[in-house]
Amino acid sequence: MQTLLFGDGRSVEVAPFTTGLLKWIGNKQRMAHEIVSYFPPDYGTYYEPFLGSAAVLATLQPKRAVGSDTFAPLIEIWQTLHRDPGTLKHWYRERYNRLMSGEKVAEYERIKASYNRKPNGADLLFLCRSCYAGVVRFRQADGYMSTPCGPHNPVPPEAFAERVDEWYRRTQGAEFRRMDYREAMALVRPGDLIYCDPPYTHSQAILYGAQRFRLRQLLTVIGECKARGVYVALSIDGTKRSGTHECKLPIPDGLFDREILVNCGRSMLRRLQMGGQTLESEVVADRLLLTY
Ligand SMILES: C[S@@+](CC[C@H](N)C(=O)[O-])C[C@H]1O[C@@H](n2cnc3c(N)ncnc32)[C@H](O)[C@@H]1O
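Draft legend 1. Spatial organisation of the overall build of the protein. From N to C terminus, the protein includes 11 helices and 10 strands. With 292 residues in all, the protein has 40% of them scored as buried. When contacts within the protein are restricted to residue pairs at least 6 apart in sequence, those whose partners lie at least 24 apart make up 71%.

Draft legend 2. Spatial organisation of the packing of helix α4 (residues 85–101) against helix α7 (residues 157–170). Here α4 crosses α7 at 160°, and the two axes come no closer than 10 Å. One finds that α4 runs roughly antiparallel with respect to α7. The two elements α4 and α7 meet at a crossing, and its hand is right-handed. Contacts between α4 and α7 pair Pro85, Leu88, Lys89, Tyr92, Arg93 and Tyr96 from the former with Pro157, Phe160, Ala161, Val164, Asp165 and Tyr168 from the latter.

Draft legend 3. A look at the environment of threonine 18. Turning to its location among the elements, threonine 18 is positioned in the loop between β1 (2–5) and α1 (32–36). Taking C-alpha positions, threonine 18 is 8.4 Å from alanine 32, a pair spaced 14 residues apart along the chain. Excluding anything up to four places from it in sequence, threonine 18 contacts Gln29 and Arg30.

Draft legend 4. Highlighting unusual backbone geometry. Positive phi, close to 60°, is recorded for alanine 54, a residue that is not glycine. Not every positive phi belongs to a glycine, and glutamine 61 is a case in point at roughly 55°. Checked against the element boundaries, glutamine 61 lands in the loop between α2 (55–60) and β3 (65–69). Assessed through the 17 C-beta atoms surrounding it within 10 Å, glutamine 61 is described here as partly exposed.

Draft legend 5. Seen up close, the nonpolar core. Leu125, Leu127, Ile194 and Val232 are the most contacted members of the largest nonpolar core, which totals 74 residues. Each of domain 1 (2–70 + 172–290) and domain 2 (80–160) contributes no fewer than three residues to this core. When near neighbours in sequence (up to four residues on either side) are disregarded, valine 232 contacts Ile194, Cys196, Ile222, Cys225, Lys226 and Thr291.

Draft legend 6. View of the environment of valine 262. Inspection of the secondary structure puts valine 262 in strand β9 (residues 258–263). With 228 residues separating them in the primary sequence, valine 262 and glutamate 34 have C-alpha atoms 7.0 Å apart.

Draft legend 7. Structural detail: the pairing of strand β10 (residues 285–290). Pairing analysis gives four bridges linking strand β6 (residues 231–236) to β10, with the strands arranged antiparallel. When the bridges of β10 are listed, serine 235 appears paired with leucine 288. Note that β9 and β10 share six bridges and pair antiparallel. When the bridges of β10 are listed, valine 262 appears paired with aspartate 286.

Draft legend 8. How the structure looks around α7. For α7, built from 14 residues, the straight-helix expectation of 20 Å at 1.5 Å per residue is met to within 8% by its first-to-last C-alpha distance of 20 Å. If you check which residues of α7 are buried, you get Phe160, Val164 and Trp167. Along the axis of α7, the buried residues cluster in a sector spanning 70°; they form a single face. In α7, those exposed residues whose orientation departs by more than 90 degrees from the buried face are Glu158, Ala159, Asp165 and Arg169. The elements touched by buried residues of α7 are α2, α3 (72–83) and α4.

Draft legend 9. How the structure looks around the packing of α4 against helix α6 (residues 121–130). Running from amino to carboxyl end, α4 crosses α6 at an angle of 55°, the nearest separation of the two axes being 9 Å. The orientation of α4 with respect to α6, classified from their angle, is oblique. Where α4 crosses over α6, the handedness of that crossing is right-handed. Packed against α4, whose contacting residues are Leu88, Trp91, Tyr92, Arg95 and Leu99, the element α6 presents Ala122, Leu125, Phe126 and Ser130 at the interface. Each residue belonging to the contact of α4 with α6 can be placed in one class, and the counts come to seven nonpolar, one polar and one charged.

Cut-offs used in this document
- Residues numbered from 1 in each chain as written.
- Predicted model: local features only at pLDDT ≥ 70, side-chain atom pairs only at ≥ 80, totals over all residues.
- Helix = DSSP H or I, 4+ residues; strand = E, 2+ residues; numbered from the N terminus.
- Buried ≥ 20, exposed ≤ 12 C-beta atoms within 10 Å, placed from the backbone.
- Contact = placed C-beta atoms within 7 Å.
- Axes fitted to C-alpha atoms, helices over the stretch in contact; angles between N-to-C directions.
- Parallel < 35°, antiparallel > 145°, perpendicular 65-115°, else oblique.
- Left-handed = near helix turned anticlockwise from the far one by under 90°.
- Core = buried A, V, L, I, M, F, W, Y, C linked by C-beta atoms within 7 Å.
- Domains from an automatic or database assignment.
- Pairing = 2+ DSSP bridges.
- Expected span 1.5 Å × (residues − 1).
- Arc of directions from axis to C-beta.
- Nonpolar A, V, L, I, M, F, W, Y, C, P; charged D, E, K, R; others polar.

Written out as structure tokens, the structure is:
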């Protein structure tokens, strides 16, 4: 496998797009343009089966795409953006006004309690923008959202509405569906492109809640897609560590043709685990593996 460091082997130039709609741990917003620059110049439908905050999809702005994730409240947000962006603006404004006109932490806790009674996109949208460090954390046993209120003020509704308009425009070609990655990857046809950004580290499994994910299974499915003439790009945490665990990656020989190290600065997740300290010396590079 050929390893390319920062810059070689790109096939398209894409402008950075760093204005996120959702705050999502492990999001690729800052480096999405770098990732996209290694995608093939021509492909059929773009699939992103671990969609999260859709940073890569919105940077790419594909003509035809299927964005999917197993997390229902998240997909509710994306489907609502697609169907009726005004509703997203309303969800945000209504909660922002409550938070800013009442006792901030108590209002935040009320919104969190509403989410935890019945997980839903409207509350999640606001919580991810107002919670501590933008890290939406779920209890593994039952999916209970546990992050406290952040010290910052969330962006005003007018600024958020502008983001919604921009994101609406950028995601016009996409269809959003709630499904497991295996279901999504069974839909692809020769010439399509899949970008996978799975929750591969131990800490991410905790952050995203109860979903079970096995990298080995994903690698098998990627092999099947490659054999059918589909392009696959896979992001992997370049540090290979999660807390005290060394993550050994079971990547079969010959599955990927290229590996690229994408610079992503310091890790948000690590900052939180270190009790708010930043690790100035630790520059993390994400690995991008390509089957083409
Ligand atoms: C690392 S995040 C993706 C981050 C995304 N690239 C971004 O920029 O925000 C992984 C996502 O995979 C989703 N997920 C976990 N298990 C899944 C599964 N079996 N099938 C599909 N999605 C899954 C999680 O809900 C989470 O949103």
